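Residue-level listing of the chains:
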Amino acid sequence: MSQFKRRDFLKLTASAAALAGLGCASIPTRARVVVVGGGFGGDTAARYLRLWDPSIDVVLIERESRFTSCPLSNLVLGGYASMQDISRDYDGLRRHGVQVVQDEVAAVDAAKKSVRLARGGDIAYERLVVSPGIDFNFGEIHGYEAAMQSGRVLHAWKAGPQTEALRKQLVEMRDGGVVVLSIPLAPYRCPPGPYERASLIAAYLKQAKPRSKLLVLDANPDVTSKGPLFKKAWADFYKGTLEYRGNAKAVGIDAANGTVKLEVEDVKGDVLNVVPPQRAGDLAQKAGLITTNNRWCDVDWRSMESKKVPGVHVLGDATLSAALMPKSGSMANGHAKIAAAAIIEMLNGRAPVDPKILNTCYSFVSPKEAIRVSSVHQWDAAKGTLLTVPGSGGVSAARSEAEAAFAWDWARNIWADALS
Ligand SMILES: Cc1cc2nc3c(=O)[nH]c(=O)nc-3n(C[C@H](O)[C@H](O)[C@H](O)COP(=O)(O)OP(=O)(O)OC[C@H]3O[C@@H](n4cnc5c(N)ncnc54)[C@H](O)[C@@H]3O)c2cc1C
């Protein structure tokens, strides 16, 4: 079928119902790869599978209608960017011939090689890619779920409605109020993300509500990423506004009293932004992909194939990170390229090639200035994992406006690399 006719055909068959009908009833005549999760990992995998082998049918299943980026979402909280700036549609992927289905995958049947859609119907696959991101262990903080349901406590650790709701709480808070930002023990999604958030909330308070305070309660003993650079910015810009406390793990919430309970004391706040401990997204649990500490999915780093469920490739934050590998959008993008290349090799009866991927993470320390950390991770045959390349990467020498411009360029580039 010519590319043009094929595209028209795909438009006609892109509804979930049509795909579900195709799924189990008929064996696909060409290899079909189903990708679940239209975030950093899933979108990149879908796009690169089609770019590198247009003969593969690629179906992307995502529950939301649009992509919303966690990177730069802290700027939205501070009022320095809009939700529109950080969201994109899936039309670029459709133009590559990816069949985008807006639905939720309710179950995976790895024996039958099919996924079940929440709205009904099964879709068969030859290989499955899942990049479901994270979900939360709310139970580790007593009273969390009730507090979240009341709307009083937000995490905003998945960009979207909670980002907007937290921004609204900050705007509506009285001058002289206290914002509490609670950070879970690592590993969690985006090691520097909470400290960037602290910087941008402090910047907003200093500018709009100068009598207010931000109290950062970190379950970790100290800032887990780019520590000296964050601390220098806090001392230079936010003295008297931002107070940081390490070894301050949240164990409970009393929403009615506006209190975060630590092991040794209770802390009161007007806005409670409590980020709970995290684990691989619910789908990983349902699909039996979790291997470690009831939280993460171990993979073969040459292919991203699950070590537990053959034929299923796991990407992004859901994976049990290799040594010194952050849970970042940048890494999820790299995982996706490893998986796409390996799947093409495997479908052709060849072994995957040894991978090498790059991480870069920018963080704003003020509305105008940012800092960066980067690293290179390559396959080590003797250790059977990805290891950082000695001497590669590092952190910015100092915060700068140039790094802030690079941060926006990085974001626009990675969104395009995944979605355009
Ligand atoms: C505040 C903040 C700032 C950050 N800043 C940076 C940064 O500057 N740089 C950086 O590299 N990283 C950053 N990150 C981390 C980055 O957002 C994540 O590492 C990245 O999103 C991981 O990609 P993923 O594909 O694993 O998950 P996601 O991007 O979260 O994608 C998962 C997708 O799967 C969908 N999904 C889940 N389950 C199902 C299902 N059953 N059916 C259908 N769809 C489903 C979800 O709706 C979602 O769209 C930041 C994170 C936060 C919270």
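Relevant structure appears above.
Residues numbered from 1 in each chain as written. Predicted model: local features only at pLDDT ≥ 70, side-chain atom pairs only at ≥ 80, totals over all residues. Heavy atoms only, no water.

Here the focus is the side chain of Asp53. Topologically, Asp53 is positioned in the loop between α3 (40-52) and β2 (57-62). With no salt bridge to any partner, buried Asp53 finds its closest opposite charge in Arg50, at an N-O distance of 7.1 Å. Excluding anything up to four places from it in sequence, Asp53 contacts Tyr48 and Ile344. (Helix = DSSP H or I, 4+ residues; strand = E, 2+ residues; numbered from the N terminus. Buried < 20%, exposed > 50% of the residue type's maximum accessible area, 1.4 Å probe, protein only. Lys, Arg positive; Asp, Glu negative; His and termini not counted. Salt bridge = Lys/Arg side-chain N within 4 Å of Asp/Glu carboxyl O. Contact = heavy atoms within 4.5 Å.)

It is worth spelling out the site of the ligand at this point. In the neighbourhood of the ligand, 34 residues make up the surrounding shell, with Gly41, Glu62, Ser131, Arg189 and Asp317 lying closest. Ser328 places a polar main-chain atom, nitrogen or oxygen, 3.4 Å from an oxygen atom of the ligand. Separating an oxygen atom of the ligand from a backbone N or O atom of Tyr362 is a distance of 3.4 Å. Protein burial of the ligand: of its 1000 Å² of free accessible surface, 93% is covered by the chains. Secondary structure elements with two or more residues in the shell around the ligand: α3, β2, α4 (73-78), α11 (329-347) and β23 (356-364). Taken together, the residues of the shell around the ligand sort by class into 14 nonpolar, twelve polar and eight charged. (Near = heavy atom within 4 Å. Polar contact = N/O pair within 3.5 Å; in protein donor to acceptor, adjacent residues only side chain to side chain. Areas by Shrake-Rupley, 256 points an atom, 1.4 Å probe, with all protein chains shown as cover. Nonpolar A, V, L, I, M, F, W, Y, C, P; charged D, E, K, R; others polar.)

This part is about the packing of α3 against helix α12 (residues 401-419). One way to put it is that α3 packs onto α12 with a least axis distance of 7 Å and a crossing angle of 55°. Regarding the angle of α3 to α12, the classification is oblique. Contact residues: Phe40, Asp43, Thr44, Arg47 and Tyr48 in α3; Ile414, Trp415, Ala416, Asp417, Ala418 and Leu419 in α12. Residues of the contact of α3 with α12, tallied by class, amount to seven nonpolar, one polar and three charged. (Axes fitted to C-alpha atoms, helices over the stretch in contact; angles between N-to-C directions. Parallel < 35°, antiparallel > 145°, perpendicular 65-115°, else oblique.)

The parallel open sheet is built from five strands, whose spatial order is β11-β18-β12-β13-β14. If you trace the sheet from one side to the other, it starts and ends with β11 (153-154) and β14 (242-245), each paired once. As paired elements, strand β12 (residues 178-183) and strand β13 (residues 213-218) share six bridges and run parallel to each other. Paired with Val180 across the two strands is Leu215, which belongs to β13. (Pairing = 2+ DSSP bridges.)

In this structure, the second largest pocket occupies an estimated 380 Å³ of space. Lining the second largest pocket are 20 residues, with Pro191, Thr224, Leu324, Met325 and Pro326 sitting closest to its centre. Going through the elements one at a time, β23 and β24 (370-380) are the ones with two or more residues in the lining of the second largest pocket. Of the residues belonging to the lining of the second largest pocket, the class tally is 13 nonpolar, five polar and two charged. (1 Å grid on protein atoms, 1.4 Å probe; cavity = no way out; pocket = protein on both sides within 12 Å on 5 of 7 lines; lining within 4 Å. Points joined across faces, edges and corners; volume = space filled by probe spheres on them.)

A pair of packed helices can be characterised by two numbers: the angle between their axes and the separation between those axes. Put simply, helix α8 (residues 193-208) and helix α9 (residues 227-237) touch, their axes get as near as 11 Å, and they point 10° apart. Considering their axes alone, α8 and α9 lie roughly parallel with respect to each other. Contacts between α8 and α9 pair Tyr195, Glu196, Ala198, Ser199 and Lys206 from the former with Phe230, Trp234 and Phe237 from the latter. The residue makeup of the contact of α8 with α9, split by class, is five nonpolar, one polar and two charged.

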